[in-house]
Every structure is written in structure tokens, then in C-alpha cells.
Amino acid sequence: MIHADLSDRQDGWREQLWTRQLTEETFEVACLPFFTYGICYRDVVTVDSNHLVTRVVRKSGHRTLRVALAVEHADRDQDQVHELLHSKAADAGLPHEWLQGTYLAVDLPPGSDEALLVEALEPLAQAGALHWEIDA
């Protein structure tokens, strides 16, 4: 396990990343980052002596679609949105992870098409129910 430094967004904030160690200094990311920009599933990174990411040495070609459900919406609405997004990702066969029921990270492997997910996300984003982005 390594960490990505996110203190540029909030002092002392870090994201824990599950990895597979390749060499003493290089690790392959084995999870879907929720908050770390520029690092995706299967990217290879180096770390310092504190196990903090220092740089990406090889991109995997994977992308991460991230969704944050808006806290302003009622819990009932969030449950419906959660179920909809979960079923869309599962139907598309895309690996995905939830964090606290409000954050979703979806792996977009090379050559995958996110159109069906985006089609479901856009009206919800326009209604203020969520925010989404794709990171490479």
C-alpha cells in the first residue's frame, strides 16, 4: 500500500492506493483512485522513502470515471441514483468501486466506451444530483 499526496487540496490529505510491488521503488496501481488525478488502474508509479507517490513512470491506458453524488439531495434520491449507476456500470461489465455510498470510481480500460454511463450521468448532473469527470 502506498499513498498519494493530496495536500494541495487539503492540508495533510492523502489517498491510500492499493498496489502490486514490481521493484523496490516501482508499484503498479491495483485500485481505482477516487481523488488522485493523473493516476489510474494499472499505472506504474515510483515512491519515496515514505511510500508517497513521486511520479508516474508508465501509463496503462486505463481511464477513471469519477462520480460524486450531491449531498444536497435527499437520501431517497441518492439511493435511486446509486442503484442506477451501479446497474449501468455492472451491465457494461466495467469494474467499479463505491466509497461511502456517495463516491463512485469506474475503470475504463483501453478501448472501452463510456457512452452509456455518460448518457445516464448527464441528465443527473444537469439536475444537480451529481458531479462527474473522466481522468486519464
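A brief look at the structure comes next. Worth saying up front: this structure is predicted, and the values here are computed from it rather than measured.

## Topic: the state of the cysteines
By the definition in use, this model includes zero disulfides. Cysteine cysteine 40 is unpaired, with the sulfur of cysteine 31 as its nearest cysteine sulfur at 11 Å.

## Section: the sheet that holds strand E3 (residues 19–21)
Strand order in this open sheet of four strands is E3-E4-E5-E6, and the pairing throughout is antiparallel. The open sheet terminates on both sides in strands that have one partner only, identified here as E3 and strand E6 (53–58). Pairwise comparison of adjacent strand axes, ignoring direction, gives a mean angle of 35° for this sheet. In terms of strand pairing, strand E4 (residues 26–29) meets strand E5 (residues 44–47) through three bridges, oriented antiparallel. Residue glutamate 28 lies in a different strand from E5, and its bridge partner there is valine 44.

## A closer look at the sheet that holds strand E8 (residues 96–99)
The antiparallel open sheet is built from four strands, whose spatial order is E8-E9-E7-E10. Both outer strands of the open sheet, E8 and strand E10 (130–135), are each paired with one neighbouring strand and no more. Strand-to-strand twist in this sheet, taken as the mean axis angle between neighbours without regard to direction, amounts to 15°. In this structure, strand E7 (residues 63–69) lies alongside strand E9 (residues 103–108), joined through six bridges in antiparallel fashion. Within E9, the position partnered with valine 67 by the bridge is leucine 104. Seen against the sheet, helix H2 (residues 115–126) touches E7, E9 and E10 and runs at an angle of roughly 140° to E10.

## Structural notes on the nonpolar core
In terms of nonpolar packing, the biggest core is built from 15 residues, with Leu65, Val67, Leu85, Val106 and Leu130 touching the most fellow members. Residue assignment for this core shows that the elements contributing at least two residues are E7, helix H1 (75–91), E9 and H2. In this structure valine 106 touches Leu32, Arg63, Thr64, Leu65, Ala89, Leu94, Pro95, His96 and Leu117, once residues within four positions along its chain are discounted. One finds Phe27, Cys31, Ile39 and Val53 within the second-largest nonpolar core, a separate group that totals ten residues.

## Structural notes on unusual backbone geometry
Despite not being glycine, arginine 42 has its phi angle at roughly 75°, a positive value. For arginine 42, the position within the fold is in the loop between E4 and E5. Positive phi outside glycine occurs at glutamine 100, with the angle close to 55°. Within the element layout of this structure, glutamine 100 appears in the loop between E8 and E9.

## Re the packing of aromatic side chains
Scanning the model with the defined rule gives three aromatic pairs in all. Ring geometry for phenylalanine 34 and phenylalanine 35: centres 6.3 Å apart, planes at 45°, overall tilted. Since its relative accessible area comes to 19%, phenylalanine 35 is described here as buried. Each residue in the set Trp13, Phe34, Phe35 and Tyr103 is aromatic and connected to the rest through ring pairs, giving one cluster.

Calculation notes
- Residues numbered from 1 in each chain as written.
- Predicted model: local features only at pLDDT ≥ 70, side-chain atom pairs only at ≥ 80, totals over all residues.
- Heavy atoms only, no water.
- Disulfide = S-S within 2.5 Å.
- Pairing = 2+ DSSP bridges.
- Helix = DSSP H or I, 4+ residues; strand = E, 2+ residues; numbered from the N terminus.
- Axes fitted to C-alpha atoms, helices over the stretch in contact; angles between N-to-C directions.
- Contact = heavy atoms within 4.5 Å.
- Core = buried A, V, L, I, M, F, W, Y, C linked by side-chain atoms within 4.5 Å.
- Buried < 20%, exposed > 50% of the residue type's maximum accessible area, 1.4 Å probe, protein only.
- Phe/Tyr/Trp six-rings, centres within 6.5 Å; stacked < 30°, edge-to-face > 60°.

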